[in-house]
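# Tertiary structure, described
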2 protein chains.
Amino acid sequence: MDDFVERPLASEQVFDGALLSVHRDRVRLPDGREASREYIRHPGAAIVLPVLDDGRLLMVRQYRYPVGVETLEFPAGKIDAGEPSLRTAHRELLEETGHEAGRMEFAFHVLPCVGYADERIDFYLARGLRHVGHPGEDGEFLAVESVSLDTLLAAADRGELTEAKTLIGVYWLARRDR
Amino acid sequence: MDDFVERPLASEQVFDGALLSVHRDRVRLPDGREASREYIRHPGAAIVLPVLDDGRLLMVRQYRYPVGVETLEFPAGKIDAGEPSLRTAHRELLEETGHEAGRMEFAFHVLPCVGYADERIDFYLARGLRHVGHPGEDGEFLAVESVSLDTLLAAADRGELTEAKTLIGVYWLARRDR
């Protein structure tokens, strides 16, 4: 197989927003020519697949402004500076659902936007869940729901589960259960 | 269920790059307060799940600079201005693999980055594939491969299929075949 690697020659931050950091790099293409690559630098994220003792899954319903729709998602969030993703997983589970997990295992990772972001999402499987109250985060509006995997798969089969990382989590749980 | 909708008050383009367009909107939160939302405006994309007559799937191997890894992906690309996504699907299949499809059916759509992009990816199932030569696109370095669904599922089970939209396509095809 050919070597398709593009080697960085120079990197520049071309936008530094409140949420998004955009970089533009000059790269050396495999054929020796130069090209420009523009992409988001993202700290990475963790998502939790929280399995309750009765087998249902803890989800959060929220409004996602960029796409203008309400989504049903597994608890997830961005990694804070210097934070291991396992800690992000525990933190987001607590902040978004008010639950602690007795067991939190790394499952796999996914690259959600390879064309224009360096984001990596670490998936964790959480069990031994315990409700410890709902601290919440200022300015986060969400509703916690417990949903069966069958209900989620039926929604996926109807094309109604459109949030990518949650859809991947649902399919992964179904493969694991088969 | 509560109304979580965030209503736009004002929108401003804060970065206009060669690839990325970043907008920052002022929004009205459900509790009446105001907040800022920063996100990528993306034209949308189409991805093709191309099933060969022998059941194998046509894939492309390419280097993804933002994440610094070589990925195995289904043919996909951005929607051109004014282009219906069905046409994008046919175009990307031809450009990336040199194949035409006798049948191209819309399957479902996915929102890959709800936190910071408005991108929507339309998934198409392509059959009746015919090799018509490889036009290629200037500056695109990729290798075409034919891979069985079992091989892809095994890679997914090992956590080695990390490109999100391709992983979703593989899981979707496996559910369809079950």
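Residues numbered from 1 in each chain as written. Chains lettered and ligands numbered in written order. Predicted model: local features only at pLDDT ≥ 70, side-chain atom pairs only at ≥ 80, totals over all residues. Heavy atoms only, no water.

### Here we look at the overall build of chain A
Condition: Labels follow the DSSP assignment, with helices taken as runs of H or I lasting at least four residues and strands as runs of E lasting at least two, numbered in each case from the N terminus. For every residue, the accessible area (1.4 Å probe, protein chains only) is compared with the maximum for its type, and the residue is labelled buried under 20%, exposed over 50%, or partly exposed between those bounds. Residue contacts are defined here by distance: any two heavy atoms, one from each residue, within 4.5 Å place the two residues in contact. Only the protein chains shown count as cover for residues, and the accessible areas themselves come from Shrake-Rupley with a 1.4 Å probe. Positive charges are assigned to Lys and Arg, negative charges to Asp and Glu, while His and the chain termini are left out of the count. A charge is said to be at NZ when it belongs to Lys, at CZ for Arg, at CG for Asp and at CD for Glu.
From N to C terminus, chain A includes three helices and ten strands. Reading chain A from its N terminus to its C terminus gives the helix and strand order β-β-β-β-β-β-β-α-β-β-β-α-α. Based on the C-alpha atoms only, the size of chain A along its principal axes is roughly 60 × 40 × 30 Å. Out of the 178 residues belonging to chain A, those deemed buried represent 53%. The long-range share in chain A, meaning contacts at least 24 apart out of those at least 6 apart in sequence, stands at 54%. Roughly 7900 Å² of accessible area belongs to chain A as shown, and the carbon and sulfur atoms make up 45% of that amount. In chain A, the 22 positive side-chain charges and the 32 negative ones have mean positions that sit 4 Å from each other.

### Examining the environment of Ile47 of chain B
All names here are of chain B. In this fold, Ile47 is placed in strand β4 (residues 45-50). Taking the C-alpha atoms as reference points, Ile47 and Val27, separated by 20 residues in sequence, lie 32 Å from one another. If sequence neighbours within four positions are ignored, Ile47 has contacts with Phe74, Pro75, Ala76, Ile121, Asp122, Phe123, Tyr124, Lys165 and Thr166.

### Details of the pairing of strand β6 (residues 69-73) of chain A
Counted only if it meets this: Pairing between strands is defined by DSSP: at least two bridges between the two strands are required.
Relative to β6 of chain A, strand β5 (residues 57-64) of chain A runs antiparallel, the two being bridged by five bridges. Each bridged residue has a counterpart across the sheet, and for Tyr63 of chain A the counterpart in β6 of chain A is Glu70 of chain A.

### Some words on the interface of chain B and chain A
Accessible area lost on assembly of the parts is the figure often given for the size of an interface. For clarity, the cut-off: For any pair of parts, buried area is found by adding up, for both, the accessible area (1.4 Å probe) each one loses once the two are put together. The working definition used for a salt bridge is a side-chain nitrogen of Lys or Arg within 4 Å of a carboxyl oxygen of Asp or Glu.
At the interface, 66 residues of chain B touch 65 residues of chain A. At the boundary of chain B with chain A, total buried surface from both sides reaches about 5800 Å², with 68% on carbon and sulfur atoms. At the junction of chain B and chain A, the tally comes to two salt bridges. Salt-bridge contacts for Arg175 of chain B lead to Asp157 of chain A; the nearest nitrogen and oxygen are separated by 2.4 Å.

### Some thoughts on the domain arrangement of chain A
All names here are of chain A. Where we set the bar: Residue ranges labeled as domains rest on an automatic or database domain assignment. Any pair of N or O atoms that falls within 3.5 Å is considered a polar contact. Within protein, one atom must be able to donate a hydrogen and the other to accept it, and sequence-neighbouring residues count only if both atoms are side-chain atoms. Only Asp, Glu, Lys and Arg are considered charged, only Ala, Val, Leu, Ile, Met, Phe, Trp, Tyr, Cys and Pro nonpolar, and every remaining residue, Gly among them, polar.
Once the domains are mapped, chain A shows domain 1 (7-41) and domain 2 (45-176). The largest per-residue losses of area from domain 1 upon contact with domain 2 belong to Leu19, Tyr39 and Ile40, which jointly make up 74% of the total buried on that side. At the surface where domain 1 touches domain 2, the tally comes to zero salt bridges. Across the contact surface, domain 1 and domain 2 share two residue pairs in polar contact (both at pLDDT 80 or more). By residue class, the composition of the side of domain 1 that touches domain 2 is three nonpolar, no polar and two charged.

### A look at the sheet that holds strand β1 (residues 7-16) of chain A
All names here are of chain A. Heads up, the condition is: All axes are obtained by fitting lines to C-alpha atoms, using only the stretch in contact for helices, and the reported angles, taken between N-to-C directions, cover 0 to 180 degrees.
Taken together, three strands build an open sheet; the order of strands is β1-β2-β3 and the sheet is antiparallel. Unpaired on one side and paired on the other, β1 and β3 (34-41) mark the two borders of the sheet. The mean inter-strand angle of the sheet, taken between neighbouring strand axes irrespective of direction, is 25°. Where strand β2 (residues 21-28) lies against β3, eight bridges are found, and the strand directions are antiparallel. In the strand pairing of β3, Arg26 is matched with Ser36.

### Regarding the packing of helix α2 (residues 149-157) of chain B against helix α3 (residues 164-177) of chain B
Residues and elements named next belong to chain B. The test is simple: Any angle from 65 to 115 degrees is called roughly perpendicular, while one under 35 is roughly parallel, one over 145 is roughly antiparallel, and all others are oblique. Crossing handedness follows the turn of the near helix against the far one: under a right angle anticlockwise gives a left-handed crossing, and clockwise gives a right-handed one.
Contact geometry of α2 with α3 gives a least axis separation of 10 Å together with a crossing angle of 125°. In terms of orientation, α2 lies oblique with respect to α3. By crossing handedness, the relation of α2 to α3 is classed as left-handed. In this structure, α2 uses Leu149, Leu152, Leu153 and Ala156 to contact α3, whose residues at the interface are Leu167, Val170, Tyr171, Leu173, Ala174 and Asp177.

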